[in-house]
Structure formats: C-alpha cells, structure tokens
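Structural overview
Chain by chain, the residues:
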Amino acid sequence: MLSERRLEVLRAIVQDYVGTEEPVGSKALTERHNLQVSPATVRNDMAVLEEEGYIAQPHTSAGRVPTDKGYRLFVDKLADVKPLSAAERRAIQSFLGASLDLDDVVARTVRLLAQLTRQVAVVQYPSLSRSTVRHVELLSLAPARLMLVLITDTGRVEQRMVDCPAPFGETSIADLRARLNSRIVGERFAEVPRLVADLADSFEPEERGTVSVVLSTLFETLVEEKEERLMIGGTANLTRFAQDFPLTIRPVLEALEEHVVLLKLLGEAKDPGMTVRIGHENAHEGLTSTSVVSVGYGSGGEAVAKLGVVGPTRMDYPGTMGAVRAVARYVGQILAEN
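The present account deals with the structure reproduced in this document. (Residues numbered from 1 in each chain as written. Predicted model: local features only at pLDDT ≥ 70, side-chain atom pairs only at ≥ 80, totals over all residues. Heavy atoms only, no water.)

Description of the overall build of the protein chain
The condition is simple: Secondary structure elements are defined from DSSP: runs of H or I of at least 4 residues count as helices, runs of E of at least 2 residues count as strands, and each element is numbered from the N terminus. Only protein chains enter the accessibility calculation, which uses a 1.4 Å probe; a residue is then buried when its area is under 20% of its type maximum, exposed when over 50%, and partly exposed in between. Pairs of residues are marked as contacts when any of their non-hydrogen atoms sit within 4.5 Å. Method for areas: the Shrake-Rupley scheme with a 1.4 Å probe, in which residue coverage is limited to the protein chains shown. In this tally, Lys and Arg are treated as positive and Asp and Glu as negative; His is ignored, and so are the chain termini. To locate a charge, the coordinates of NZ of Lys, CZ of Arg, CG of Asp or CD of Glu are taken.
Helix and strand counts for the protein chain come out as 12 helices and 10 strands. In the protein chain, buried positions account for 50% of the 338 residues. Nonlocal contacts in the protein chain, meaning residues at least 24 apart in sequence, comprise 60% of its contacts between residues at least 6 apart. Surface accessibility of the protein chain: about 16,100 Å² in total, with carbon and sulfur atoms responsible for 50%. Across the protein chain, the centroid of the 38 positively charged side chains sits 6 Å from that of the 46 negatively charged ones.

Dropping the structure here:
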C-alpha cells in the first residue's frame, strides 16, 4: 500500500501531466502543489512510485509520466467526479430537449459529448431486448399489403412491410390493431410471442393466414439485432492528441471504424454503472493507448443502452466522467418524457 503522501504525489503528477502535456519533475511538483515536503523527499517518493510501476520515465527527460497502472489508481482512489456547472447543465437540457425523435436524440447526444469532453463520442441506440411496446400500428397500403409500425417505450420506431396471402379490409385491420395493442402494450419484447400465441385462432378462418403473417413479421422485428446500432462523432478531436499515441493514430482510427469493437468497449447495457477502461485494459490492439469512459442510460431507472467517450490515456478523468454521467442522466430524462 502506498502512503497518503505518495498518493498525493501521484495525484499531483497525473494532474500536472494531463494539464501540461509535459513529463513532471520533482522541482515543478513542489512549486505547483502544497506537498509540504522538500524536493528531495518528493524525488524519493517518485522513485518508489516508479519502482512500483505507477509512473515511468518516457525518455532521457528528468520528468516522469503516469503509467496505465498509475491512471487506474488515480481513477479508483484519487479522482473525484467533477460536476458540471449550472450553465453547462442548462445548455445540455436545452440542446437535448429540442430533439425531434430518437435518431435526433442520439445525434445530438454524440455532438454534445464530443464538444463537452473534446474526445470521440460513442452512443449506442436503445436495445430492443430491454424495451417495452408502446404501440403497434397497422396501415393499409394496398388490398393485400400492410405496413407494420412498432413503437417502443424509448421512442424507437421500426417499420416493416407485410404481404398478405389475401386482401385484408379496414375493419379487419382495425380489429387486429386493437387486439394486438390490448395484449402487448407495456410488455417486454421477450413476453410478446407468448402473449399473442393464440391470437390468430380467435379470428375467422379466412383471416387467420394474414394474422399469422403479421405476427411473424412482428416477431422478426422483435428479435432482429438492430440493437447493435451506434453513432460515433468527434473523431477529429483525436488529431489534437497526436503526441499521445506512440507511433501513429491510424490503429485507433481503424479500431473506431469497427462497431463490434466499440460495442464491446462500451460493455453490457445491463451493467449501468460507470466504467473506465485504461490503456492495456482495452483488449483491442489498436486501442491500448486509449481510455474509454462509459455509462448506461435509460428511462425508469433501467439502462437500455450505453454511451461514452474514447480518448488518450492522458485524459481529464474527473471532468470526462462528470460529463458522461450528466449527459446519460439527461438522455434518460428525455426518453422518459417522450
């Protein structure tokens, strides 16, 4: 275990390195921070921190920089999440509150996160598997062609065409719409097949074929892996941190193009807590010089998806964690209100 003083020295090194982009020396630390010990004592503490793997000497410079292990200890033990100012919170609420639909909510969230943190923002669309049915609409496009519209509690809208085996009149459409909604509105997607299993049998024999086709289309919509959609923004922000990537920024950019990689980085949506993955904790080779800060968002106290940011390990962790958490909270409020 490190002593309180050495933890304070590590905190000061992380703060100075993040702020100045320069390796930190003992003389600068004693001048900038009220450590109440001599530069010689700080040098000794830095030697111990280096030996323990929390800081490293990047080149022949006299200064030291935090390692992944040092940043991890900083995040776990030393960093207080920095709250947003009242003005920032009002701006977030106003910007997100003007959203027109779910796509607009996600697009605005990406822009907002990228601007607030000056990192790359990633937002996953709400997961269908954790959604409930708000409404099912059936519209006649032709005598034997319908449009099925599924609306979720998070505002997601899925549309499908249905080719019927026989003409299906407006009265029948209205009847099917009413019976469907009475059984499944407010229910989890996973429950829907069970709740409508005998629905076709309750219709006249000549209508059952069409009802079965509509139900099959509905089931396909419920289980499709459309939940693996996400939106990314602010990639250009990485160019400001070129010096933070050992060789080139290209592996990071290539990794960011792989949505499967990003979804794994964000983690499981059912784990709503704040997650910070630092450097080599990211399994993907192209992202071992980055950190990922993510958190779940949703309405009614349950996470339906994740959002977060990707940036260099030399990151303002308290500020980034505060921004990510605040934006997630406001997105959840918007989904609940809509």
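A word on the packing of aromatic side chains
Applicable threshold: Pairing of aromatic rings covers Phe, Tyr and the six-membered ring of Trp, with a centre-to-centre limit of 6.5 Å; geometry is then stacked below 30 degrees between planes, edge-to-face above 60, and tilted otherwise. Only when the NZ atom of a Lys or the CZ atom of an Arg is both within 6 Å of the ring centre and within 35 degrees of the ring normal do we say a charge sits over the ring.
Per the stated rule, a full pass over the model turns up 1 aromatic pair. Here Lys69 stacks its cationic end above the ring of Tyr54, 4.6 Å away from the centre of that ring. A cation over an aromatic ring shows up here: Arg108 above the ring of Phe95, its NZ or CZ 4.9 Å from the ring centre.

A closer look at the sheet that holds strand β6 (residues 157-163)
Inclusion rule: Whether two strands pair depends on DSSP finding at least two bridges between them. Note on method: axes are straight lines fitted to C-alpha atoms, helices fitted across the in-contact stretch only, with angles between N-to-C directions ranging 0 to 180 degrees.
Spatial strand order, β4-β5-β6: 3 strands in an open sheet with antiparallel pairing. Each edge of the open sheet carries a strand with a single partner, namely β4 (133-142) and β6. For this sheet, the mean angle separating the axes of adjacent strands, direction not counted, is 20 degrees. Pairing of strand β5 (residues 145-152) with β6, which is carried by 7 bridges, proceeds in the antiparallel orientation. In the sheet register, Leu150 faces β6, and the bridge partner there is Glu158.

Considerations on the side chain of Ser294
You can see Ser294 is positioned in strand β9 (residues 290-297). By relative accessible area, which is 1% here, Ser294 ends up buried. Dropping the residues within four chain positions of it, Ser294 is found in contact with Leu265, Leu266, Gly273, Met274, Thr275, Lys306, Leu307, Gly308 and Val324.

Quick look at the packing of helix α1 (residues 4-20) against helix α3 (residues 39-51)
Operational definition: Should an angle fall under 35 degrees it is called roughly parallel, over 145 degrees roughly antiparallel, and 65 to 115 degrees roughly perpendicular, with every other angle called oblique.
Close contact between α1 and α3 brings their axes to 10 Å; oriented N to C, the two are set at 85 degrees. Regarding the angle of α1 to α3, the classification is roughly perpendicular. Contacts from Arg5, Arg6, Val9, Leu10 and Ile13 of α1 reach α3 at Thr41, Val42, Asn44, Asp45, Met46, Val48 and Leu49.

Side note on the nonpolar core
When a protein is soluble and globular, its nonpolar side chains tend to lie buried together. To keep things clear, this is the line we draw: Residues belong to a common nonpolar core when they are buried Ala, Val, Leu, Ile, Met, Phe, Trp, Tyr or Cys residues joined through side-chain atoms within 4.5 Å.
Judged by nonpolar contacts, the single largest core of 58 residues is most densely connected at Leu29, Tyr297, Leu307 and Tyr317. At 11 residues, helix α12 (residues 317-337) tops the list of elements feeding residues into this core. Setting aside anything within four residues of it in sequence, one finds Tyr317 in contact with Tyr71, Phe74, Val75, Val276, Ile278 and Ser291.

Remarks on the pattern of salt bridges
Operational definition: Should a side-chain nitrogen of Lys or Arg be within 4 Å of a carboxyl oxygen of Asp or Glu, the pair is scored as a salt bridge.
By the definition in use, this model includes 19 salt bridges. Asp45 is paired through a salt bridge with Arg6; the nearest N and O atoms lie 2.9 Å apart. Linking Asp45 in helix α3 with Arg6 in helix α1, this pair joins segments that are 39 residues apart in sequence. The shortest N-O distance in the salt bridge between Asp163 and Arg145 comes to 2.6 Å. Of this pair, Asp163 sits in strand β6 while Arg145 is found in strand β5, placing the two residues 18 residues apart along the sequence. With relative accessibility at 51%, the residue Asp163 sits in the exposed group.

Some thoughts on unusual backbone geometry
The phi dihedral of Glu21 is positive, around 70 degrees, even though this residue is not glycine. Here Glu21 lies in the loop between α1 and α2 (26-32).

Section: the pairing of β9
With 8 of its 8 residues buried, β9 lies for the most part within the structure. What you see with β9 is no split at all: Thr290, Val292, Ser294 and Gly296 on one side and Ser291, Val293, Val295 and Tyr297 on the other are buried throughout. Looking at chain direction, strand β8 (residues 275-278) and β9 are connected through 4 bridges and run antiparallel. Bridged to Arg277 within β9 is Val292. Pairing analysis gives 8 bridges linking β9 to strand β10 (residues 305-312), with the strands arranged antiparallel.

Describing the side chain of Thr109
Structurally, Thr109 can be placed in helix α6 (residues 102-117). Those residues within four positions of Thr109 in sequence are excluded, and the remaining contacts are Leu96, Val123, Leu307, Val327 and Val331.

What about the sheet that holds strand β3 (residues 120-124)?
As summarised here, the arrangement of the 5 strands in space is β7-β3-β10-β9-β8, forming an open sheet in which the pairing is antiparallel. Only two strands of the sheet have a single partner each, and these edge strands are β7 (230-233) and β8. Each adjacent strand pair in this sheet contributes to an overall mean axis angle of 15 degrees, direction not counted. In this fold α12 packs onto β8, β9 and β10, with an angle of close to 25 degrees to the strand it touches most, β9.

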